[in-house]
Amino acid sequence: MQENQKGPATLGSVENQNTDLNEWKNLASKELRGENLDQLNRQSPEGVTIKPLYTKQDTAGISDFMDTLPGLAPFTRGPRATMFTHRPWTIRQYSGFSTAEESNAFYRKNLAAGQKGLSIAFDLATHRGYDSDHPRVKADVGKAGVAIDSVEDMKILFDSIPLHEMSVSMTMNGAVLPIMAFYIVAAEEQGVAQNKLSGTIQNDILKEYMVRNTYIYPPEPSMRIVGDIIEYSTKNMPKFNSISISGYHMQEAGADSALELAYTIADGLEYVKTALARGLDIDDFAPRLSFFFAVGMNFYMEIAKLRAARFLWNEVMQAFHPKNPQSSMLRTHCQTSGYSLTEKDPYNNVVRTTIEAMAAVFGGTQSLHTNSLDEAISLPSESAARIARNTQLIIQEETDICHTVDPFGGSYFMESLTADLIARARVIMKEVHDLGGMVHAINKGIPKLRIEESAAKKQARVDSGKDVIIGVNKYKNNSSSDSVEVRDVDNSSVRNSQILRLNTVKKNRDNAAVTKALAALKLAATSGHGNLLELSVIAARHRATLGEISESLAESFGRHKAKVQSISAVYASAYGGQNMIEAIRLRATQFAKKSGRRPRILVCKLGQDGHDRGAKVIATGLADLGFDVDIGPMFQTPEEAAKEAVENDVHVVGVSSQAAGHKTLVPDLIAALKKLGGDQIKIVIGGIIPSQDYEFLKKAGCAAIFGPGTPIPECAETILNFLESNV
C-alpha cells in the first residue's frame, strides 16, 4: 500500500476541473428536476453571494493569500504557529452582579471549576460615571453588573485573588479612568506592582457612540483619555493590554459581519494614530493592542471574519512600518452572541452557543466567553453559567478540535469567503477614510446609521420568517414546561449597602487631600497638560470616588448628548409580506379617521441602559406600519419621559428594557404620568423581562408586555387593539 496516498489524481487535476464541474452541474440539475441551479445561491446580509459549490476556480488569484502559514504574516491562519495544539484558548467568562462581595464569591467558585481568567462586568451606574447614591441611577445599581464606587469596592472584588497571577479583563469605557485607577491601587495594596499586572481594559470609546452608548464625555476629550491610558500603560504596565478594540457590541446592535469587521479595524486605526501623536513608537504599544469580536449563528461567515480581521489588521499596520511582527498581529477575545439567544424554547440556546463557540475556535480566537442559556431572560443563573463554561471545557477536552491548526485553511469555500469579506470590508473602510476617519464619521452619524439599517433589515427578516429562529418563528413550542431558574438582584438592598460603604469611605478619608487631587485632575483636563490616568491614580489613593473623579472631568469636558435620529422605509421593504404591512397601515388610517390623528407612541429608554437596538428597531418598524413615533433621548428618568409624553400628547409610551430595571422604572413612570395628568396614556414594555415579572408589571398598570422575539407587526396589532377599544 502506497504511503501518504492522497486519493485519485483526477479529483484535483486542473485539466479535469471543467469536465468535473460540468458533470456536477448536470447531476445537480437532475436533482433539481430541471429548475435553475442559481436558485441554490444565497445572498448574505453582507452582500456576499454564497454558492452551493466552490472549486479551485473560486480561489484563482488568491493563491498567495491561501498559502500563508499560522504565526506568519499576514496571520490569516492564526497569530501563533501552533495555536491550540500547544495551548488552548483562555476560558474567560464575563460576569459580575450585585455587590463586590457576591461577585468575588462567584469568581472564586468559577476559577476553582476551570475558568482561566476574569472578565469583569460593571453595572450601568459605574459605566456612566455615577456613584451609587446618585438619584439618576436608583434602578441600575448592581443590576447588570457589579457596583464599584471606590477603591474599597475594588479591593473586595479581588479579595483572595492574587492579581500578579490572574489575567483580568475589564469591560469599561466611559468611566475608564477611575476603574483603571481603582484596579491599580487595589493591586498596590495587595503588594502587586503595576509592572506585574496582566489583562485588558476595553477603553474603546469610539464604538460607544455607534452602539452601546455608555459614554460620558464627547468624542474628542474621550480620545484624549484613550491616549493617556495607552501612554501610561506603555510606560508602567508592560504586560497589560491598554485597549480592546471591540466589534462585539456592533454585531449585537445589528451590524452584519462586514460592518462589524470594517468599523472595528477602522476604530483600531484611529487609536493607533492617537498613540503615535503622543510620540510613542509603533512597536512600543501596538503589540499590546487587542480586539474583541462577536460570534453569531452564521457559522462560516464568523470563521471567515476572524481570519479576515487578522489579514486586514496586518495590512493597515504596514503603513506605520513596524519592526516587531507582533505589532501587526491581531489577537482577539470572542464572545458568543447574546442577540441570537431566545426567551422561547430557551434550552435551544445551549445548542446555539455551542455552534457559535466552535466558530470562534475554528476562527482562531485567543480567549472566549460563552453566553448562558438564560441571558435572553435575566442575568445568568449559577447553573446556566456552569453549562456555558463547560461548553468550552468539552470542546477543549472531549473532542479532537484542538489537534490541528486552522482546519479550514485551504478550503475553496473558506478562502474564497474570507477574500470576499475582506473586499467588502475595504469598501466600508474607504467610506470612513473619505469622511476623514472614524471620529469624523461618528460625528456625522454615518456608522450608527449603517448599523441601524442593518438591524432593521435583520428584524424584518426574522419577523417575516425569512430568517428562521427555531422555537420563535418556526417549530414553535407552546408548552410552558421549559421554565428556567432566574437570578433576581434586589436592587434596593444593593444600593443601600453601596451607599453605606460610600459614606464610610468619605467619613474616614482625608477630604482636603481628595479636594486637592480632584482639582489637579480638573486642571489637567482643562489645560490639556498632564496624564489623566496618572492623576486619577493619585485621587484614588486618597479615596476619591468614581462619581467624584468622573464629575471633575465632566466639569471640564461636559457630558455628551447623542443626537436622536431615525430611519424609515427600511423595515417595510425588507419585510416583504406587503399584505400584512398594508393591513396594519389601513387600521392606523382608520384609527386616525375616528380619533382625529394617527396612533402616536413615545419609544423611550429609561435609566442608564445604553443598548438601544430594540428601541430603534421598534421605532422604525412602527413608523413604517403607520404610527407617529417619537424617540426619547437616551438615559431618561421616568419623570423626564412622562413630561415628554404629556407634552407630545402621545397615546402610548413604549419602554425598551434590557437591563432589569423595569420593576423600579415602570411604576415610577406610571406615577409620574398620573402626577402630570397623563392617566389616559397607555404603557407598554418590551425587552428582556422574566415571565415571573409579568404579573407585577400588569398590576402596576402596563397595558402590554412584549418579550424577546415578539414580531413588530404583532406589537402594532396589540397596541391598535386597545387603542381602538377606547375611541
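All values derive from a computational prediction rather than experimental measurement. (Residues numbered from 1 in each chain as written. Predicted model: local features only at pLDDT ≥ 70, side-chain atom pairs only at ≥ 80, totals over all residues. Heavy atoms only, no water.)

A. Here's a closer look at the overall build of the protein. Within the protein, the regular secondary structure consists of 28 helices and 17 strands. Against the globule reference of 27 Å for 727 residues, the protein gives a C-alpha radius of gyration of 26 Å, in line with a compact fold. Across the 727 residues in the protein, those meeting the buried criterion constitute 58%. Once local pairs closer than 6 in sequence are excluded, the contacts in the protein between residues at least 24 apart make up 79%. Put simply, the protein shows about 29,300 Å² of open surface, and 51% of that area lies on carbon and sulfur atoms. Averaging the locations of the 79 positively and 84 negatively charged side chains of the protein gives two centres separated by 2 Å. (Helix = DSSP H or I, 4+ residues; strand = E, 2+ residues; numbered from the N terminus. Rg over C-alpha atoms; globule rule 2.2 N^0.38 Å. Buried < 20%, exposed > 50% of the residue type's maximum accessible area, 1.4 Å probe, protein only. Contact = heavy atoms within 4.5 Å. Areas by Shrake-Rupley, 256 points an atom, 1.4 Å probe, with all protein chains shown as cover. Lys, Arg positive; Asp, Glu negative; His and termini not counted. Charge placed at Lys NZ, Arg CZ, Asp CG, Glu CD.)

B. Focus on the packing of aromatic side chains. One pass over the full model with this rule turns up 16 aromatic pairs. Measuring from ring centre to ring centre gives 5.4 Å for Tyr 209 and Tyr 215, while their planes differ by 10°; the resulting arrangement is stacked. With a centroid separation of 5.3 Å and 75° between ring planes, the pair formed by Phe 362 and Phe 408 is classed as edge-to-face. Taken together, the residues span a long stretch of sequence, with Phe 362 in helix 13 (residues 348–363) and Phe 408 in the loop between helix 14 (382–398) and helix 15 (412–434) at a distance of 46 residues. Each member of the pair Phe 362 and Phe 408 is classed as buried. Linked through ring pairs, Tyr 54, Phe 299, Tyr 300, Phe 362, Phe 408 and Phe 413 together constitute an aromatic cluster. (Phe/Tyr/Trp six-rings, centres within 6.5 Å; stacked < 30°, edge-to-face > 60°.)

C. How the structure looks around a nonpolar patch on the surface. A surface patch of nonpolar side chains, about 230 Å² in accessible area, is lined by Met 297, Val 351 and Ile 355. Mapped onto the elements of the fold, Val 351 is located in helix 13. (Patch = residues over 30% accessible without salt bridge, like charges linked within 9 Å, V, L, I, M, F, W, Y side chains within 5 Å. Salt bridge = Lys/Arg side-chain N within 4 Å of Asp/Glu carboxyl O.)

D. Just the state of the cysteines, in detail. The final tally for this structure, using the stated rule, is zero disulfides. No disulfide involves Cys 402; its sulfur sits 14 Å from that of Cys 334, the nearest cysteine. Taking the relative accessible area as the measure of exposure, Cys 402 reaches 8% and is therefore buried. Here Cys 604 is not disulfide-linked; the sulfur of Cys 702 is the nearest cysteine sulfur, at 11 Å. (Disulfide = S-S within 2.5 Å.)

E. Representation of the pattern of salt bridges. By the definition in use, this model includes 39 salt bridges. Linking Asp 406 and Arg 77 is a salt bridge whose minimum nitrogen-to-oxygen distance equals 2.7 Å. One end of the pair, Asp 406, is in the loop between helix 14 and helix 15; the other, Arg 77, is in the loop between helix 2 (63–66) and strand 3 (90–91), with 329 residues separating them in the sequence. Salt bridges sharing common partners tie together Arg 224, Asp 228, Glu 231, Lys 235 and Arg 278.

F. Up close: the environment of Ser 367. Summarising the element assignment, Ser 367 is placed in strand 12 (residues 367–369). The buried category is assigned to Ser 367, whose relative accessible area is 7%. A sequence separation of 84 residues divides Ser 367 from Ile 451, and the C-alpha atoms of the two residues are 26 Å apart. What Ser 367 contacts, discounting residues up to four positions off in sequence, is Trp 89, Thr 90, Arg 92, Thr 332, His 333 and Cys 334.

G. Layout of the sheet that holds strand 15 (residues 652–657). Taken together, five strands build an open sheet; the order of strands is 14-13-15-16-17 and the sheet is parallel. Pairing within the sheet leaves two strands with one partner each, and these edge strands are strand 14 (628–631) and strand 17 (702–706). On average, each strand axis in the sheet is inclined to that of its neighbour by 20°, with strand direction left out of account. Examined bridge by bridge, strand 13 (residues 600–604) and strand 14 share four bridges and lie parallel to one another. Opposite Val 603, over in strand 14, you have Ile 631 as the bridge partner. Each of strand 13, strand 15, strand 16 (682–687) and strand 17 touches helix 28 (residues 712–724); the most contacted strand, strand 17, lies at about 170° to it. (Pairing = 2+ DSSP bridges. Axes fitted to C-alpha atoms, helices over the stretch in contact; angles between N-to-C directions.)

H. Seen up close, helix 3 (residues 100–112). End to end, helix 3 covers 18 Å across 13 residues, agreeing with the expected 18 Å (1.5 Å per residue, within 8%). Of the residues making up helix 3, those classed as buried are Ala 100, Ser 103, Asn 104, Phe 106, Tyr 107 and Asn 110. Buried residues of helix 3, viewed axially, fall in a sector of 165°; they line one side. Positive phi appears at Gly 114, one or two residues downstream of helix 3, with a value of about 120°. (Expected span 1.5 Å × (residues − 1). Arc of directions from axis to C-beta.)

I. Molecular detail of the side chain of Lys 605. Take Lys 605: it is sitting in the loop between strand 13 and helix 24 (613–624). On the basis of relative accessibility, which here comes to 2%, the residue Lys 605 falls in the buried class. A distance of 3.4 Å separates a polar side-chain atom of Lys 605 from the backbone oxygen of Ser 656. Once you skip the residues sitting within four places of it in the chain, Lys 605 turns out to touch His 611, Asp 612, Ala 615, Pro 633, Met 634, Phe 635, Gln 636, Ser 656 and Gln 658. (Polar contact = N/O pair within 3.5 Å; in protein donor to acceptor, adjacent residues only side chain to side chain.)

J. Quick peek at the side chain of Ser 337. Take Ser 337: it is sitting in the loop between strand 11 (332–336) and helix 13. What makes Ser 337 buried here is its relative accessible area of 3%. Here the side chain of Ser 337 touches Glu 252 through a polar contact of 2.9 Å, side chain to side chain. Engagement of the side chain of Ser 337 in a polar contact is seen with the backbone nitrogen of Ser 340, the distance being 3.0 Å. Residue contacts for Ser 337: discarding those within four places in its chain leaves Tyr 248, Gln 251, Glu 252, Val 295, Gly 296, Glu 356 and Asn 371.

K. How the structure looks around the sheet that holds strand 3. Pairing is parallel across the open sheet formed by five strands, whose spatial order is 3-12-11-10-9. Edge strands, defined here as strands with exactly one partner in the open sheet, are strand 3 and strand 9 (243–246). Pairing between strand 9 and strand 10 (residues 289–295): four bridges, direction parallel. Looking across to strand 10, one finds that Ser 246 is bridged to Phe 292. Against the sheet, helix 13 makes contact with strand 10, strand 11 and strand 12, and its axis sits at roughly 165° relative to strand 11, the strand it touches most.

L. Looking closely at helix 17 (residues 446–464). Relative to the 27 Å expected for 19 residues at 1.5 Å per residue, helix 17 spans 27 Å between its end C-alpha atoms, a close match to the ideal helical length. With its phi angle positive at about 90°, Gly 465 sits one or two positions after the end of helix 17.

M. Local environment of the confidence of the model for the protein. In this model, the protein carries an average pLDDT of 91, and 96% of its residues clear a pLDDT of 70 or more. Across residues 1–14 the pLDDT falls below 50, and counting only partners more than four positions away or on other chains, this stretch makes five contacts in the model. (pLDDT = per-residue confidence, 0-100.)

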